[in-house]
Amino acid sequence: MSVLHCIGSSSRGNGYIIDVDGDRLLLECGVHKDLVLSKLDWKGDGISALCSHRHKDHSLSIPTLQKYCINVYSNEDVALAYPGVVAIKPRKLYTIGNFRVMPLVVEHNVPNYAYVIDHPKIGRIVFATDCVDFPYNIKDTTTLMLECNYTIELLQASAESGEAVIAGNEYHMEIKQFLKVVRRLNQPSLQRVVLLHLSDRFSCEHDYIKQTKDIVGGVDVYAANCDVDIPLDKSDF
């Protein structure tokens, strides 16, 4: 069975494990080391990791993962911050275990990668988080993992009421842009959409899922809440 294990998907820490019948790939290294290693059964052999960018909620556990012989791949900025990280180039195709991976540049306030990930048993995953937009047209997408961080009206209402609002949301994907990307990537091959990195204060999970389902119809839609396991097996049409 193929599963996406959601370890964390927020500013407190991000981490996901793609598990395809024992072939495992860690997406993001931002959750506490003990939590991610326990999900990996304290074994790093044969496991690799992808990191999108150097912010701590995505990279915190890199040094510990390296001690467990987990190879971490990312952009040059992350490789400079964490010696030993393998710097990979955008729009180049890499073989990592039984996965094929292509990084793509997306806009954030530091250098940031999205990833297109292929595996013969689960098809194609598009993963993009902490970005203003995902401007690429990726064919044959099976699973779309995309940030859906906030609603601008909720943020503005909070600011107008005098509440302290932490700056930085402008570097994340707002719901309207998220829905535009979903419409663009909605294709016959799509089987599931996973909403990532929802803001605790300025998002509405139930409403976001409903709006997404209105676009994709019978496609499964999930929020990547902590400890949620999402099936990744590819269905035949």
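See above for the structure.
Model, not experiment: these values are computed from the prediction.

Explain the overall build of the chain to me, using residue names and the numbers behind them.
Across its full length, the chain carries seven helices and 14 strands. In terms of overall dimensions, the chain is globule-like: its C-alpha atoms have a radius of gyration of 17 Å, near the 18 Å expected for 237 residues. For the chain, the spread of C-alpha atoms along the principal axes amounts to about 50 × 45 × 30 Å. Looking at the chain as a whole, 54% of its 237 residues qualify as buried. Carbon and sulfur atoms make up 52% of the accessible area of the chain, which amounts to about 10,700 Å² in all.

Which residues make up the pattern of salt bridges, and what values go with them?
Scanning the model with the defined rule gives 11 salt bridges in all. Among the salt bridges present, the one from Arg 124 reaches Asp 118, with a minimum N-O distance of 2.8 Å. Classification of Arg 124 as partly exposed rests on a relative accessible area of 22%. Each of Glu 153, Glu 174 and Lys 176 takes part in salt bridges that share partners, so that together they form one network.

So what's going on with helix H7 (residues 205-216)? Residues and values would help.
Counted at 1.5 Å a residue, the expected span for H7 with its 12 residues is 16 Å, and the 16 Å between its end C-alpha atoms agrees. Listing the buried residues of H7 in full gives Tyr 208, Ile 209, Thr 212 and Val 216. The buried residues of H7 occupy one face: seen down the axis, they fall within an arc of 95°. Facing away from the buried surface of H7 by more than 90 degrees, the exposed residues are His 206 and Asp 214. Taken together, the buried residues of H7 touch helix H6 (175-185), strand E12 (192-196) and strand E13 (220-223). Just downstream of H7, Gly 217 is the residue with a positive phi angle, here 70°.

Please provide a residue-by-residue account of the packing of aromatic side chains, values included.
Under the criterion given, the structure shown has three aromatic pairs. Between the aromatic rings of Tyr 16 and Phe 127, the centroid separation amounts to 5.8 Å while the plane-to-plane angle is 70°, which identifies the pairing as edge-to-face. With a gap of 111 residues between them, Tyr 16 in strand E2 (residues 13-20) and Phe 127 in strand E10 (residues 123-128) connect regions that are remote in the sequence.

Could you give an account of unusual backbone geometry, with specific residues and numbers?
In this structure, Asp 130 takes a positive phi of about 50° despite not being glycine. Its place among the elements puts Asp 130 in the loop between E10 and strand E11 (143-147). A positive phi angle, close to 70°, is found at Asp 227, a residue other than glycine. One can find Asp 227 in the loop between E13 and strand E14 (229-231).

Criteria and thresholds
Residues numbered from 1 in each chain as written. Predicted model: local features only at pLDDT ≥ 70, side-chain atom pairs only at ≥ 80, totals over all residues. Heavy atoms only, no water. Helix = DSSP H or I, 4+ residues; strand = E, 2+ residues; numbered from the N terminus. Rg over C-alpha atoms; globule rule 2.2 N^0.38 Å. Buried < 20%, exposed > 50% of the residue type's maximum accessible area, 1.4 Å probe, protein only. Areas by Shrake-Rupley, 256 points an atom, 1.4 Å probe, with all protein chains shown as cover. Salt bridge = Lys/Arg side-chain N within 4 Å of Asp/Glu carboxyl O. Expected span 1.5 Å × (residues − 1). Arc of directions from axis to C-beta. Contact = heavy atoms within 4.5 Å. Phe/Tyr/Trp six-rings, centres within 6.5 Å; stacked < 30°, edge-to-face > 60°.

By themselves, these observations are geometric and do not establish any function.
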